[in-house]
Amino acid sequence: MITLTNACLARMTDGYDLIPQGAIVIDKGRILWVGPQSQIPAEYAASMHDLGGRLVTPGLIDCHTHIVFGGDRAREFEMRLEGASYADIARAGGGIVSSVRATRAEDEETLLASALKRVDHLLAEGVTTLEIKSGYGLDVQTELKMLRVARHIAQMRPVTVRTSWLAAHALPPECTDRAAYIRDVVLAGMDQGHALGLIDAVDGFCEGIAFSRDEMAAIFDHAANLELPVKLHAEQLSDLGGAAMAARHHALSADHLEYLGPDGIGAMAASGTVAVMLPGAFYTLRETQLPPVAALRQAGVPMALATDCNPGTSPMTSILLAMNMGATLFRMTPAECLAGVTHHAARALGLADRGQIAPGLRADLAVWDAGHPAELTYRIGFNPLHARIVGGEFV
């Protein structure tokens with residue numbers, strides 16, 4: 001048992017829910033007691049650890065990443081700035097096809113080594129839980145390889161990893177039959193990955209350049225038969241009604257949502273589906289259509305934030321920058337941004353045991369050299385992390 005004292009606690013149970021002179025009692029990896037330092041019960045007064053007045057928040061959660069992939073697309077980034085169109089890049093063998101080719105070619109050891117470098121940047125900014133998707137293999141063998149690497153990351157680093165099956169990300173370049181791809185790769189691979197214990201949720205990209213609402217509905221029905229929760233990339237480039245369909249399937253989250261309309265907002269509010277904001281992709285693609293943050297707020301839809309770390313449209317490994325972008329680009333408040341990477345991000349992953357500082361929850365915490373939680377969203381390019389506490393242990 002350890003008692004953390006002399007801390008400013010942002011409990012994140014209702015807004016920041018601050019305790020300026022707070023204390024936390026941790027036992028066996030769980031939070032046993034939280035409250036004002038002056039009220040610590042006598043039986044918890046041993047093994048005190050003075051945090052020097054520092055800010056303590058729940059450990060941060062990056063609930064949407066594609067952090068396992070082969071190669072990079074830096075040259076494509078340069079080509080776009082030199083005037084090349086998406087079609088030009090695709091004809092040159094770029095785009096997602098280049099990531100698929102590189103990911104297929106690299107072995108698990110190589111993929112793991114490169115992914116760990118990106119993961120370490122997130123951990124250095126207070127991340128204690130991380131979601132990782134497949135989606136750059138587009139064949140069963142490589143999709144499963146990506147998820148094995150994701151599972152290995154959790155063995156190599158003190159972080160919880162949740163995995164998402166994203167074979168419905170795009171059609172592979174060799175594909176000539178959409179129905180066969182869905183049957184033989186998306187669904188058959190889902191069965192295999194589920195049997196191997198590699199899949200925590202099923203995801204997909206519902207868009208004109210990817211999969212239709214009806215195709216994704218059938219994939220979600222298959223996931224339901226396996227008792228796997230679902231989430232969806234939806235309404236990023238157009239409003240195809242994907243978020244509303246996902247909400248009808250009780251999706252954990254719908255992500256991107258720049259073109260989300262009133263019907264989708266209403267469906268998400270009714271189902272409790274979390275809206276995951278991804279400002280890194282908005283920024284990288286220089287989009288102009290803002291997600292309907294004010295309407296989501298008014299409807300009471302919980303909003304999460306994530307890096308969307310990927311090689312093409314959001315090569316970002318900073319959760320703190322995602323928070324700043326959520327405020328400056330999307331006009332989320334700093335309190336909403338912090339809730340978006342703690343409480344609401346946990347909800348987007350179906351994790352009820354973290355994301356707040358409350359008795360009974362997992363003792364995943366971040367300790368900051370900061371006096372107020374708004375500082376975490378306010379600063380740009382500055383990391384005030386003092387320590388991470390994962391499962392009650394300083395790391």
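Not measured: the values here are computed from a predicted model.

**Topic: the overall build of the protein**
(1) Moving on: Helix and strand content of the protein: 15 helices and 16 strands.
(2) Moving on: Relative to the compact-globule value of 21 Å for 395 residues, the protein shows a C-alpha radius of gyration of 21 Å, a close match.
(3) Moving on: Seen through its principal axes, the protein has C-alpha atoms that stretch 70 × 45 × 45 Å.
(4) Moving on: Buried positions account for 58% of the 395 residues belonging to the protein.
(5) Moving on: Intrachain contacts of the protein at a sequence separation of at least 6 include 70% that bridge at least 24 residues.
(6) Moving on: A total accessible area of about 15400 Å² is found for the protein, and carbon and sulfur atoms account for 53% of it.
(7) Moving on: Of the side-chain charges in the protein, 31 are positive and 44 negative, and the distance between the mean point of each set is 2 Å.

**Describing the domain arrangement of the protein**
(1) Moving on: When the domains of the protein are assigned, the result is domain 1 (2-58 + 355-394) and domain 2 (60-349).
(2) Moving on: Computed from C-alpha atoms alone, the centre-to-centre distance between domain 1 and domain 2 is 30 Å.
(3) Moving on: At the interface, 25 residues of domain 1 touch 23 residues of domain 2.
(4) Moving on: Counting the surface lost from both domain 1 and domain 2, the interface buries some 1800 Å², and carbon and sulfur atoms represent 63% of this.
(5) Moving on: Per-residue buried area on domain 1 facing domain 2 is highest for M12, T377 and R388; these three make up 34% of the total on that side.
(6) Moving on: Summed over the shared surface of domain 1 and domain 2, the result is eight residue pairs in polar contact (both at pLDDT 80 or more).
(7) Moving on: Elements supplying a minimum of two residues to the side of domain 1 that touches domain 2: β5 (55-58), β14 (365-368), α15 (374-378) and β15 (385-390).

**Some remarks on the sheet that holds strand β11 (residues 253-256)**
(1) Moving on: If you trace the eight strands from one edge of the open sheet to the other, you get β6-β7-β8-β9-β10-β11-β12-β13, paired in parallel fashion. Looking at the sheet topology across the chains shown, the edges are occupied by β6 (60-62) and β13 (303-305). Taking the axes of each pair of neighbouring strands and ignoring which way they run, one obtains an average angle of 25° across the sheet.
(2) Moving on: By the bridge criterion, three bridges tie strand β8 (residues 160-168) to strand β9 (residues 201-206) in an arrangement that is parallel. Directly across from S164, in β9, lies its bridge partner A201.
(3) Moving on: Against the sheet, helix α5 (residues 140-156) makes contact with β7 (127-133) and β8, and its axis sits at roughly 170° relative to β8, the strand it touches most.

The rules we used
- Residues numbered from 1 in each chain as written.
- Predicted model: local features only at pLDDT ≥ 70, side-chain atom pairs only at ≥ 80, totals over all residues.
- Heavy atoms only, no water.
- Helix = DSSP H or I, 4+ residues; strand = E, 2+ residues; numbered from the N terminus.
- Rg over C-alpha atoms; globule rule 2.2 N^0.38 Å.
- Buried < 20%, exposed > 50% of the residue type's maximum accessible area, 1.4 Å probe, protein only.
- Contact = heavy atoms within 4.5 Å.
- Areas by Shrake-Rupley, 256 points an atom, 1.4 Å probe, with all protein chains shown as cover.
- Lys, Arg positive; Asp, Glu negative; His and termini not counted.
- Charge placed at Lys NZ, Arg CZ, Asp CG, Glu CD.
- Domains from an automatic or database assignment.
- Buried area = accessible area lost by both parts, 1.4 Å probe.
- Polar contact = N/O pair within 3.5 Å; in protein donor to acceptor, adjacent residues only side chain to side chain.
- Pairing = 2+ DSSP bridges.
- Axes fitted to C-alpha atoms, helices over the stretch in contact; angles between N-to-C directions.

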